[in-house]
Amino acid sequence: MTSAAAADLQALEKELLASIAGAGDLSAIEQVRIAVLGKKGRIAELMQTLGKLPPEERKSFGQSVNEIKSRVSEALEAHKADLETKALSQRLESERADVTLPVRGGAIADGRIHPVSQVYDECVEIFADMGFAVAEGPDIESDDLNFTKLNIPPEHPARQEHDTFYFNPKADGSRLLLRTHTSPVQIRTMLSSKPPIRVIAPGRVYRRDSDQTHTPMFHQIEGLVIDESTHMGHLKWVLEEFCKAFFEVDEVKMRFRASHFPFTEPSMEVDVGAEAIGKPGQWLEILGCGMVHPNVIRNCGLDPDKYQGFAFGMGLDRIAMLKYGLTDLRAFFSGDMRWLRHYGFSVLDVPTLSGGLSG
Amino acid sequence: MKFTLSWLKDHLDTDASIAALEQTLSAIGLEVESIDDPGAKLGAFRVARIVEAKRHPNADKLQIVMVETDKGKPPLEVVCGAPNARTGLVGVFAPLGTCIPGSNITLEKKPVRGVVSNGMMCSAAELELSDESAGIIELPEDMASRVGEAYIEVAGLNDPVFEVKLTPNRPDCTGVRGIARDLAAAGLGTLKPELKLSGVEGSFESPVDINLEFSKDTADACPVFAGRYVRGVKNGPSPAWLQQRLKSVGLRPINALVDVTNYISQDRGRPLHVYDADKLKGAVRARLGKAGEKFLALDGKEYAVDETMCVIADDSGPLGLGGVIGGEDSGSTEVTVNVLIESAYFDPARTAQTGRKTGLVTDARYRFERGVDPASVLPGLDLATDMILKLVGGEPSKAQVAGKPPAEPRVIDFDFARVAKLSGIDIKDSEIKTILEKLGCTLSGKGNAAKVTVPTWRPDIHGAADLVEEVVRIAGLDRIPLTPLPRPAGVARPVLTERQKRARRARRTLAARGLVEAITWSFIPDGEAKAFGGGDAALVLANPISVEMSSMRPGLLPGLLSALKRNHNRGFSDAALFELGQAYRGEKAEDQYLSASGVRGGTAKLSGSGRHWDGAAKGVDLYDAKADAVAVLFSLGLDVAKAQVTRDAPDWYHPGRSGTLRLGPKTVLAHFGELHPATLKAFGIDGPVAAFEVFLDAIPAQKAKSRAKPRLEANDLMPVRRDFAFVLDKGVAAGDVVKAAAGADKALIREVSVFDVFEGGALEKEGKKSLAIEVTLQPTAETLTDKDIEAVSSKIAAAVKAATGGEIRS
């Protein structure tokens, strides 16, 4: 190859590299690529001249052109990569969104479980662990199941304490009522199943009472154990275990006071030390209980000399109020979105013994 | 039931503290409601004497008084506004720092019109002893010798008042002596013996006959009526101690004769009545009332009696209601000279019934309806005679007794082992025996086969369990040992029923869809019940608390709509509420059903409500409600594709924009839709409401299946998707198109979805619409050829045309 030819090639390489470096964006570099490396590009053009050269020059000329092609290609790829990087940065720069714009919380964040339902689930969880099933019964009850079978005869003063909602009398003089406690469920359970019995009976109950602290409808949860040996010591234990589990504390102070209910004998009222809800020094009256009265056991077709056991009852709304610091019972039934959103529970707060009742 | 400490000590020899008494009373079942301890309230007040009174330099109505507050100490300067303040007056002084009960102000050292007052001379009102506030208390002048002593001691006011809440089974504790007996049994002292009375039985026959006029069936209304005539009494105010006692427990002293009966009622739980014998006409008789009879009672009101009430009458008619209230006309007054004392036994049930019918709440009723000790008829009569003779003199007749007390002793066979078996307490036979005896029982026989005779004042003790209660409450409930309930072996088993599990899942499904759980009343206004398919007369309460809560709800929507309206009124129109609870189709147990229902108002959609930069929520519509209902059914394991959708939702829904999900003609799973404009109008709600009702009990029980899931049938061959647009009559249901397309080749067609519905434009005018579906074909053996696909497509087009008349849109 002549030195002139070599100088030409050198100049050409310089020119090509300059045109690559001069390409400002990806489309420019593509044009450069076509112009230089394309089928009809400068390199291809050069290669076409090869045939016209004297044979002795061909080899070295071809070698030189290939070297140039290789160097130019390299330079082009490198510059293209640079441009791509730059273009991406520019794109990313332009795609900046306002990350502070608020998004919707979604349905799970909006939905709520009512405190009574939540506490109901908590109680079921605790008592299920102690072997209690959940028994249910109707709200509209007979006088017999709500009172008589519970050892509350028609003229018993206790009937006066329960201000009862009645329906209109039937032709035979009988009249149905709204249950004043969930105790008829205990009766139904004893009538329909044989001991040993362990059930809780949660549900709506009704009393003709309406003021600051009473609503004509509220919720109770009662418990019943019937077998041949369960005594008041077991009752105390169950209640203490329940209170510890429910209030989620290791220790709970409990005070048992003698009392009277027609359907239990002996009967007790139970107070819990308010330390359990962070108010030391006070007592909270939370439940009534006792050994099921022999007459009640007999009324359910069981032999009171053979079978014995305990029953207890408490207000579901009341223990919800105590545990979660709710103050107004009437608000429970108002359907007020503000109250429900504030005091209600997330659907994901499923009470479990393994994870803790309140999570 | 109220009593004072000193009154209790009449019957109980004790030095127990107030706190110990309170604790024991509550522990043994006599719950202390309050203790009014004057020592705590009035202990600081002292007897003091005004040594000198002079004008206040800066105020006309005030005086400066120099008060001797302690013997031998210099008098204190006190500003006093009372008109009766004067030199030499002995009164009651409150030193600085004392809290004045009447005003709840604590005295501070500060000038009154420029003169510093070092305390206060007090009025009776300031001590809350009476309403007297015009002047300061004036004590007798000889009290000057007791200056410096505590006023409550000097005045005999240091007597704490206990109020206990009696359970209905304890008539014996309606008297102070009964309470004393319980406390003595519980170890807080000794019950004092009864005093022997003498001179109460007179020598002459009572001139007033007493008759019981009942049939055999009604004789239990008043089985015994005893009376004693006392002639020549000099009635007047009772002595101060008696008046003080009565006042301390909230009773108003009237005259000595009446006060005696009230005192014995409170002291022994034994109500009595005293008649002015000169006002009686003929014999006094107990009988049932007669229709049309009336009498003027002691409370100044007239009462009509009926045939169920036990009355005390003379020749002129009823004088009073036995066991409830006496008559105005026959009662004793200041001028009464000759009296008839009544001591009787009235049946508790009848007394309670009469009390309820008349609305009379009296001390006599309180006791008789609980069951007054039937053996106390004669001792009560004697006690009253004794007090009357002592207080107002007179000469007693012989007691006259008609009938006899229903006081046959009750004997209970008692095995002492019952105590341990029922209570778990480890207790010796000797202790059981002691407790029962202290409560008035008499025992014979050995501990394992004792015979226990129950005292007549305990009508509540009938059987062994009652005796166990007596032993346990007196021995102390804290002696019951905590005893673990035996656990079933192994891991706790699940306990919930299918229905309970459904309720749980449905509740959490709806909350997960952004709905907020409400609990609304089971009873609603009758009009609302009727509008929602209820209002059956059998479900209307006879004694509702208000008309707003009078009819058992036929469904949950009325309560939810009322709540929605209230939220609306508070500015929350985008509320989404649900309730999971019972409603009533009838009065029987099986008519009560469980529903999961919800309402969405305004724009409260699943995706969110209200305006948002990313697109404002549209108003709720029937599809929101349908989605909720379907979600609940799905969560309960129902294959919703198997359910039919029909257009027959109840009247409270918009007829064109609602539906029913059902399994066959009989099983209704759910209703959903927008509510009828008339329904919304009735509740005063503007704007759309989407509502649903799912009937949890209607869902068929799931067949017990293996817990193992069936093998996954996944195919590696690519599914093929083809779109079809049909032109249909407007009334054609999309569901029918989908069903027809899906059925065209069950082996190949895996899924059919609707991706476009277009109504409008030229189609609208022809009464047509366009519906576009996407059909997913899943080849199982080999890749589908164009020919295969062509063949299926034709089948789909033909099936849809056959089912709906729809043509492929060209």
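Being a predicted model, the structure only gives us computed values, none of them experimental.

S.K.: Honestly, the overall build of chain A in this entry has me stumped. Any pointers?
M.R.: Each helix and strand counted, chain A has 13 helices and nine strands in total. For chain A, the C-alpha radius of gyration of 44 Å lies well beyond 21 Å, the compact-globule estimate for 359 residues. Put simply, chain A has 359 residues, and 52% of those count as buried. Pairs at least 24 apart in sequence give 65% of the contacts found in chain A among residues at least 6 apart. When the accessible surface of chain A is split by element, carbon and sulfur atoms take 51% of a total near 16,200 Å². Of the side chains in chain A, 40 bear a positive and 51 a negative charge, and the two mean positions are spaced by 5 Å.

S.K.: What is the right way to read the overall build of chain B from this model?
M.R.: When you go through chain B residue by residue, the secondary structure sums to 21 helices and 41 strands. For 810 residues, the compact-globule formula gives about 28 Å, and the C-alpha radius of gyration of chain B, at 42 Å, lies well above that figure. If one aligns the C-alpha atoms of chain B with their principal axes, the spans along those axes are about 125 × 80 × 60 Å. Expressed as a percentage of the 810 residues in chain B, the buried residues total 52%. With an accessible surface of roughly 37,300 Å², chain B has 52% of that area assigned to carbon and sulfur atoms. The averaged location of the 107 negative side-chain charges in chain B is 5 Å from the averaged location of its 103 positive side-chain charges.

S.K.: I would appreciate a short explanation of the nonpolar core in the present structure.
M.R.: Within soluble globular proteins, side chains that are nonpolar generally end up buried alongside one another. In this structure, Phe312(A), Ile179(B) and Phe414(B) are the most contacted members of the largest nonpolar core, which totals 166 residues. It is helix α10 (residues 232-247) of chain A that contributes the most residues to this core, nine residues altogether. With near-sequence residues (within four places) excluded, Ile179(B) lies in contact with Met1(B), Phe3(B), Leu8(B), Leu25(B), Leu30(B), Val164(B) and Cys173(B).

S.K.: Any chance you could explain the sheet that holds strand β41 (residues 807-808) of chain B here in plain terms?
M.R.: Strand pairing in a sheet relies on backbone hydrogen bonds, with the paired strands running either antiparallel or parallel. All names here are of chain B. Read from one edge to the other, the open sheet built from four strands follows the order β39-β40-β38-β41, with strand pairing classed as antiparallel. The open sheet has two free edges, formed respectively by β39 (749-758) and β41, since each of these has just one partner strand. In this structure, strand β38 (residues 720-729) lies alongside β41, joined through two bridges in antiparallel fashion. Bridged to Phe726 within β41 is Ile808. With respect to the sheet, helix α19 (residues 734-743) is in contact with β38, β39 and β40 (768-777), its orientation differing from that of β39 by roughly 150°. This element, helix α21 (residues 786-804), spans β38, β39, β40 and β41 of the sheet and lies at about 25° to β38.

S.K.: So what exactly am I meant to see when it comes to the pattern of salt bridges here?
M.R.: Between side chains of opposite charge, pairing is possible as soon as their charged atoms come close. Residue and element names in this part refer to chain B. Taken as a whole, this structure holds 75 salt bridges over all chains when the rule is applied. As a salt-bridge pair, Arg473 and Asp182 come within 2.7 Å of each other at their nearest N and O atoms. Of this pair, Arg473 sits in helix α13 (residues 464-475) while Asp182 sits in helix α5 (residues 176-185); the two residues are 291 residues apart in sequence, bridging distant segments of the chain. There is no split in this pair, since Arg473 and Asp182 are both buried. When salt bridges that share partners are traced, they join Arg170, Asp172, Asp182, Arg458, Asp460, Glu470 and Arg473 into one network.

S.K.: Can you help me understand the sheet that holds strand β28 (residues 450-454) of chain B in this one?
M.R.: Residues and elements named next belong to chain B. Taken in spatial order, the three strands line up as β26-β28-β27 in an open sheet, and their pairing is antiparallel. The strands lining the two open edges of the sheet, one partner per strand, are β26 (410-414) and β27 (442-444). Taken over all neighbouring pairs, the strand axes of this sheet differ in orientation by 25° on average, direction set aside. Together, β26, β27 and β28 form the strand contacts of helix α12 (residues 429-438), whose direction differs from that of β27 by roughly 140°. Contacts from α13 reach β26 and β28, with the element oriented near 80° to β26.

S.K.: Help me understand unusual backbone geometry in this model?
M.R.: Note: most residues except glycine have negative phi, and most peptide bonds are trans. Cis geometry is adopted by the peptide bond preceding Pro196(A), which originates at Pro195(A) and carries an omega value of 5°. Structurally, Pro196(A) is set in the loop between α9 (183-192) and β4 (197-206). Here the amide bond leading from Glu265(A) into Pro266(A) is cis, since omega sits at -5°, within 30 degrees of zero. Looking at the element boundaries, Pro266(A) is found in strand β7 (residues 264-273). With a phi close to 70°, Asn151(A) is a non-glycine residue in the positive phi region. The residue Asn151(A) is located in the loop between α7 (143-146) and α8 (157-161) in this model. With phi around 50°, Arg113(B) is a residue other than glycine that occupies positive phi space. Of note, Arg113(B) is situated in the loop between β10 (111-112) and β11 (115-116).

S.K.: Help me understand the packing of aromatic side chains in this model?
M.R.: Each aromatic ring pair is specified by the distance between its two centres and by the angle formed by the two planes. Taken as a whole and assessed by the stated rule, the structure comprises 26 aromatic pairs over all chains. Pairing Phe246(A) with Phe247(A) gives two aromatic rings, centres 5.0 Å apart and planes at 80°, and the pair type is edge-to-face. Phe247(A) carries the same exposure label as Phe246(A), and that label is buried. By way of ring pairs, the aromatic residues Phe127(A), Phe132(A), Phe242(A), Phe246(A), Phe247(A), Phe310(A) and Phe312(A) are connected into one cluster. Stacked on the ring of Trp457(B), the Lys or Arg Arg181(B) has its end atom at 3.9 Å from the ring centre. Directly above the ring of Phe204(B) sits Arg231(B), whose terminal nitrogen or CZ lies 3.7 Å from the centroid.

S.K.: Help me understand the interface of chain B and chain A in this model?
M.R.: On the chain A side, the residues contacting the 92 residues of chain B number 96 residues. Carbon and sulfur atoms make up 57% of the surface buried where chain B meets chain A, a total of about 7,800 Å² over both sides. Interface area lost by chain B to chain A is led by Leu485(B), Arg508(B) and Ile519(B), which between them contribute 11%. At the surface where chain B touches chain A, the tally comes to nine salt bridges. Between Lys170(A) and Glu587(B) there is a salt bridge whose closest N-O contact spans 2.8 Å. Elements with a minimum of two residues in the side of chain B that touches chain A: α2 (18-27), α8 (348-358), α11 (417-423), α13, α14 (498-512), β29 (516-517), α16 (557-569) and β32 (576-584) of chain B.

S.K.: When you look at the packing of helix α6 (residues 115-129) of chain A against α14(B) in this model, what are you seeing that I'm missing?
M.R.: To describe two helices that pack against each other, one gives the angle between their axes and the distance between the axes. Remark: α6(A) packs on α14(B), axes separated minimally by 12 Å, with the N-to-C direction vectors making an angle of 140°. Accordingly, the angle class assigned to the pair α6(A) and α14(B) is oblique. As α6(A) packs across α14(B), the resulting crossing turns out to be left-handed. Along its contact with α6(A), which presents Ser117(A), Gln118(A), Asp121(A), Val124(A) and Glu125(A), the element α14(B) presents Arg504(B), Arg507(B) and Arg508(B).

S.K.: In this structure, what is going on with the side chain of Gln582(B)? I would like to understand it.
M.R.: Note on placement: Gln582(B) falls in strand β32. With relative accessibility at 13%, the residue Gln582(B) sits in the buried group. Polar side-chain contacts of Gln582(B) include one of 3.0 Å to the side chain of Asp139(A). Sequence-distant contacts of Gln582(B), defined by excluding residues within four places in its chain, comprise Asp139(A), Arg204(A), Arg553(B), Leu556(B), Gln592(B), Tyr593(B) and Leu594(B).

S.K.: In this structure, what is going on with the confidence of the model for chain B? I would like to understand it.
M.R.: Close inspection of predicted coordinates is inappropriate for parts of the model with low pLDDT. Summing up the model confidence of chain B, the mean pLDDT is 93 and the portion of residues at 70 or higher is 100%. Across the predicted assembly, pTM comes out at 0.87 and ipTM at 0.89.

S.K.: Before we go on, may I ask you to explain the environment of Asn338(B) in this structure?
M.R.: Residue and element names in this part refer to chain B. For Asn338, the location among the structural elements is in the loop between β22 (317-321) and β23 (339-345). Once the C-alpha coordinates of Asn338 and Ile35 are considered, the two residues, 303 residues apart in sequence, prove to be 40 Å apart. Residue contacts for Asn338: discarding those within four places in its chain leaves Tyr229, Val230, Arg231, Gly232, Tyr275, Asp276, Ala277 and Asp278. A polar atom in the side chain of Asn338 sits 3.0 Å from the backbone nitrogen of Gly232.

S.K.: What am I meant to see in α10(A) here?
M.R.: Side chains three or four residues apart in an α-helix point the same way, a direct result of the helix having 3.6 residues per turn. Residues and elements named next belong to chain A. Under the 1.5 Å per step criterion, the end-to-end length of α10 is 22 Å for 16 residues, consistent within 8% with the ideal 22 Å. Of all 16 residues making up α10, 14 are buried, and the element is well covered by its neighbours. One or two steps after α10, the chain reaches Glu248, where phi turns positive at roughly 55°.

S.K.: What exactly am I supposed to notice about a negative patch on the surface here?
M.R.: Residues Glu782(B), Asp786(B), Asp788(B) and Glu790(B) make up a contiguous surface patch of negative charge. In this structure, Asp788(B) sits in helix α21.

S.K.: Is there a simple way to think about the state of the cysteines in this case?
M.R.: Throughout this description, disulfide means a covalent bond between two cysteine sulfur atoms. The full count for this structure, using the stated rule, is zero disulfides over all chains. Cys80(B) carries a free sulfur, and the closest cysteine sulfur to it, the one in Cys122(B), is 9.2 Å from it.

S.K.: For this particular structure, what's the right way to read the environment of Lys61(B)?
M.R.: Residue and element names in this part refer to chain B. Summarising the element assignment, Lys61 is placed in strand β5 (residues 59-68). Given a relative accessible area of 74%, Lys61 falls into the exposed group. Considering only alpha carbons, one finds Lys61 and Gly81, 20 residues apart in sequence, at a separation of 6.1 Å. Leaving out residues up to four positions away in the same chain, Lys61 has contacts with Cys80 and Gly81.

The rules behind each value
- Residues numbered from 1 in each chain as written.
- Chains lettered and ligands numbered in written order.
- Predicted model: local features only at pLDDT ≥ 70, side-chain atom pairs only at ≥ 80, totals over all residues.
- Heavy atoms only, no water.
- Helix = DSSP H or I, 4+ residues; strand = E, 2+ residues; numbered from the N terminus.
- Rg over C-alpha atoms; globule rule 2.2 N^0.38 Å.
- Buried < 20%, exposed > 50% of the residue type's maximum accessible area, 1.4 Å probe, protein only.
- Contact = heavy atoms within 4.5 Å.
- Areas by Shrake-Rupley, 256 points an atom, 1.4 Å probe, with all protein chains shown as cover.
- Lys, Arg positive; Asp, Glu negative; His and termini not counted.
- Charge placed at Lys NZ, Arg CZ, Asp CG, Glu CD.
- Core = buried A, V, L, I, M, F, W, Y, C linked by side-chain atoms within 4.5 Å.
- Pairing = 2+ DSSP bridges.
- Axes fitted to C-alpha atoms, helices over the stretch in contact; angles between N-to-C directions.
- Salt bridge = Lys/Arg side-chain N within 4 Å of Asp/Glu carboxyl O.
- Phe/Tyr/Trp six-rings, centres within 6.5 Å; stacked < 30°, edge-to-face > 60°.
- Lys NZ or Arg CZ within 6 Å of the ring centre and 35° of its normal.
- Buried area = accessible area lost by both parts, 1.4 Å probe.
- Parallel < 35°, antiparallel > 145°, perpendicular 65-115°, else oblique.
- Left-handed = near helix turned anticlockwise from the far one by under 90°.
- Polar contact = N/O pair within 3.5 Å; in protein donor to acceptor, adjacent residues only side chain to side chain.
- pLDDT = per-residue confidence, 0-100.
- Expected span 1.5 Å × (residues − 1).
- Patch = residues over 30% accessible without salt bridge, like charges linked within 9 Å, V, L, I, M, F, W, Y side chains within 5 Å.
- Disulfide = S-S within 2.5 Å.

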